[in-house]
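Here's the letter readout for the chains.
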Amino acid sequence: MDSTVTVSPPSGLDVRQLRRTLGQFATGIAVLTTRAPDGTPLGLTINSFNSVSLEPPLVVFSLARRLSLLPWFETAEHFGISLLSVEQRTLSDRFAGPAQDRFAGVEWFPGPHGSPLLVGACAHFECRNAIRHNGGDHVLFLAEVCHHAAFAREPLVFFGGTYRELAP
Ligand SMILES: Cc1cc2nc3c(=O)[nH]c(=O)nc-3n(C[C@H](O)[C@H](O)[C@H](O)COP(=O)(O)O)c2cc1C
């Protein structure tokens, strides 16, 4: 189900300054995945992931309208979400870089619904594509958690436009 949000016309905000201000919110980093109909694994780096609801179990993320992979995620039945561990910084760069061969040499396994989940992550979720909303230059996805697992690993952190790690 899609719903429409009225987006105000440009208000004169400096987009680069806004990006810097938003970057003051520290996040983790995730690799969002799905499969093409022929089984090819597809994925990209995101940090717009967040929890929404426990009952029902819902998470949220947003994808830029300009993304080449957007049509695959809009039509996918399920997604995989791997929260990256501090050792997986190179995977964050790889899944945000040129789209070909992102999975080459990457260890992953299919979740119960077939979504690729990356080995070595802090946590895995497999989610059903539930609701999409208009979010300006992004599309907001609400996804229902079908399967999850947490592992005792330290997270990769993103703050101020750079990668960080938790202090010991
Ligand atoms: C740390 C980090 C966080 C990102 N978060 C998001 C996000 O939440 N949503 C999004 O659409 N793109 C996000 N991106 C950008 C996408 O990963 C990138 O634009 C995409 O992989 C480019 O794929 P394409 O060239 O095939 O369109 C992020 C990139 C990085 C490095």
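Residues numbered from 1 in each chain as written. Predicted model: local features only at pLDDT ≥ 70, side-chain atom pairs only at ≥ 80, totals over all residues. Heavy atoms only, no water.

Within an unreviewed UniProt entry, the label attached to the protein chain reads Flavin reductase, and the organism entered is Tepidiphilus baoligensis. Listed under Sequence similarities (unreviewed entry) in UniProt, the entry text for the protein chain is "Belongs to the non-flavoprotein flavin reductase family." (UniProt positions renumbered as here; feature names shortened; annotations may be inferred.)

Student: I would appreciate a short explanation of the UniProt feature "domain: Flavin reductase like" (unreviewed entry) in the protein chain in the present structure.
Tutor: Mapped onto this numbering, the UniProt entry gives "domain: Flavin reductase like" (unreviewed entry) at residues 22-165. Along residues 22-165 the backbone is 9% helical and 49% strand, and the end-to-end C-alpha distance reaches 19 Å. (Helix = DSSP H or I, 4+ residues; strand = E, 2+ residues; numbered from the N terminus.)

Student: Is there a simple way to explain the sheet that holds strand β12 (residues 156-159) in this structure?
Tutor: Working definition: the strands of a sheet are paired by backbone hydrogen bonds and lie parallel or antiparallel to each other. If you trace the 3 strands from one edge of the open sheet to the other, you get β2-β12-β13, paired in antiparallel fashion. Edge strands, defined here as strands with exactly one partner in the open sheet, are β2 (27-28) and β13 (162-165). As paired elements, β2 and β12 share 2 bridges and run antiparallel to each other. Bridge assignment links Gly28 to a residue of β12, and that residue is Val157. (Pairing = 2+ DSSP bridges.)

Student: How do you make sense of the environment of Leu69 when you look at a structure like this?
Tutor: As for its placement among the helices and strands, Leu69 is situated in the loop between β6 (58-64) and α2 (70-75). Residue Leu69 is classed as buried on the basis of its relative accessible area, which comes to 11%. For the pair Leu69 and Thr34, spaced 35 residues apart in sequence, the C-alpha to C-alpha distance is 9.8 Å. (Buried < 20%, exposed > 50% of the residue type's maximum accessible area, 1.4 Å probe, protein only.)

Student: Any chance you could explain the packing of aromatic side chains here in plain terms?
Tutor: Given two aromatic rings, one states the distance between the centres and the angle between the planes to describe the pair. Under the defined criterion, the tally for this structure stands at 8 aromatic pairs. Each ring, one from Phe49 and one from Phe125, has its centre 5.5 Å from the other, and the planes form 40°; the classification is tilted. One end of the pair, Phe49, is in the loop between β4 (41-46) and β5 (50-53); the other, Phe125, is in strand β10 (residues 123-135), and 76 residues separate them in sequence. Phe125 sits in the buried class, given a relative accessible area of 17%. Ring geometry for Phe95 against Phe103: centres 5.0 Å apart, planes inclined by 85°, an arrangement best described as edge-to-face. An identical accessibility class is assigned to Phe95 and Phe103; each is buried. (Phe/Tyr/Trp six-rings, centres within 6.5 Å; stacked < 30°, edge-to-face > 60°.)

Student: Please clarify how the pairing of β4 should be interpreted in this entry.
Tutor: A regular strand places its side chains so that they alternate between the two faces of the sheet. Along β4, 5 of the 6 residues are buried, which leaves the element largely enclosed by surrounding structure. Two strands pair when backbone bridges link them, and strand β3 (residues 30-35) and β4 are joined in this way by 6 bridges, in the antiparallel orientation. Within β4, the residue paired with Arg35 across the bridge is Pro41. Between β3 and β4, which pair antiparallel and follow one another directly, the connecting turn spans 5 residues, one of which, Gly39, has a positive phi of 95°.

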